[in-house]
Amino acid sequence: MNLALIGFMGAGKTETAKILGEILDYQIKETDEEIIKASEFETIKEIFNHIKELGFRKLETRVIEQLSDQNQIIISTGGGAVMNQINMLNLNKNSIIIYLKTEFETLKKRVAQDYERPLFQDPNKAKKLFKLREPVYEYYAQYIIKTDDLVPKQVAEQIIKKIKAHVSDK
Ligand code: S3P
């Protein structure tokens, strides 16, 4: 069984995954990092510049498919991964899916001036994406953690609580 973190850019997936990995002694797999490794580029920005979002999404789907075959890993997904049903079908096979839910205003503060995120350069466009994606995150989430007032350590602790309850329900 794996844990998969979903949520918008700036939700704290990367930081939370690191802490969860330490607590559970699970390996962390960041889909963005795996995408970079699977490409001929060195940053997400470069990938978007050269092969556009479509090329990025193809790599993302391939990476998620491969990660879904592994076990006892934490999969920290990119914010757009949920928009492809194939990704979610793959993740659903062997992962507990956890949505890090965050208000748009909080996200905006957290990712301000981050030039590595091509889809958060224009806050108005990002807000539209957010509105479109929010119901999709909710749809796929087995558990939802609201992160606005929490630091990643607290988010990870809440996740652990939920997982313990999940395991003892079985
Ligand atoms: C994206 C989110 C990014 C990265 C890429 C596209 C998105 O990951 O995958 O820039 O579509 O929301 P983070 O959510 O880790 O920032």
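What you see is a predicted model, and the numbers here were worked out from it, not measured in a lab.

Draft legend 1. Quick look at the site of the ligand. Around the ligand sit 13 residues, and of these Lys13, Asp32, Arg57, Arg117 and Arg133 come closest. Residue Arg57 places a side-chain N or O atom 2.6 Å away from an oxygen atom belonging to the ligand. Interatomic distance of 2.6 Å between a side-chain N/O atom of Arg133 and an oxygen atom of the ligand. Coverage of the ligand by the protein amounts to 96% of the 390 Å² it exposes when considered alone. The element contributing the most residues to the shell around the ligand is helix H3 (residues 44-68), with 3 residues. Of the residues belonging to the shell around the ligand, the class tally is 5 nonpolar, 3 polar and 5 charged.

Draft legend 2. Structural detail: the sheet that holds strand E5 (residues 143-146). An order of E2-E3-E1-E4-E5 is seen for the 5 strands of this open sheet, with the pairing classed as parallel. The open sheet terminates on both sides in strands that have one partner only, identified here as strand E2 (27-30) and E5. Averaged over all adjacent pairs, the angle separating strand axes in this sheet is 20°, with direction ignored. Note that strand E4 (residues 95-101) and E5 share 4 bridges and pair parallel. Following the sheet pairing, Leu100 is matched in E5 by Ile145. Lying on the sheet, helix H2 (residues 31-38) is in contact with E2 and strand E3 (73-76); it crosses E2 at an angle near 65°. The sheet contacts of helix H6 (residues 123-140) involve strand E1 (2-6), E4 and E5, and relative to E4 the element is tilted by about 145°.

Thresholds applied
Residues numbered from 1 in each chain as written. Predicted model: local features only at pLDDT ≥ 70, side-chain atom pairs only at ≥ 80, totals over all residues. Heavy atoms only, no water. Near = heavy atom within 4 Å. Polar contact = N/O pair within 3.5 Å; in protein donor to acceptor, adjacent residues only side chain to side chain. Areas by Shrake-Rupley, 256 points an atom, 1.4 Å probe, with all protein chains shown as cover. Helix = DSSP H or I, 4+ residues; strand = E, 2+ residues; numbered from the N terminus. Nonpolar A, V, L, I, M, F, W, Y, C, P; charged D, E, K, R; others polar. Pairing = 2+ DSSP bridges. Axes fitted to C-alpha atoms, helices over the stretch in contact; angles between N-to-C directions. Contact = heavy atoms within 4.5 Å.

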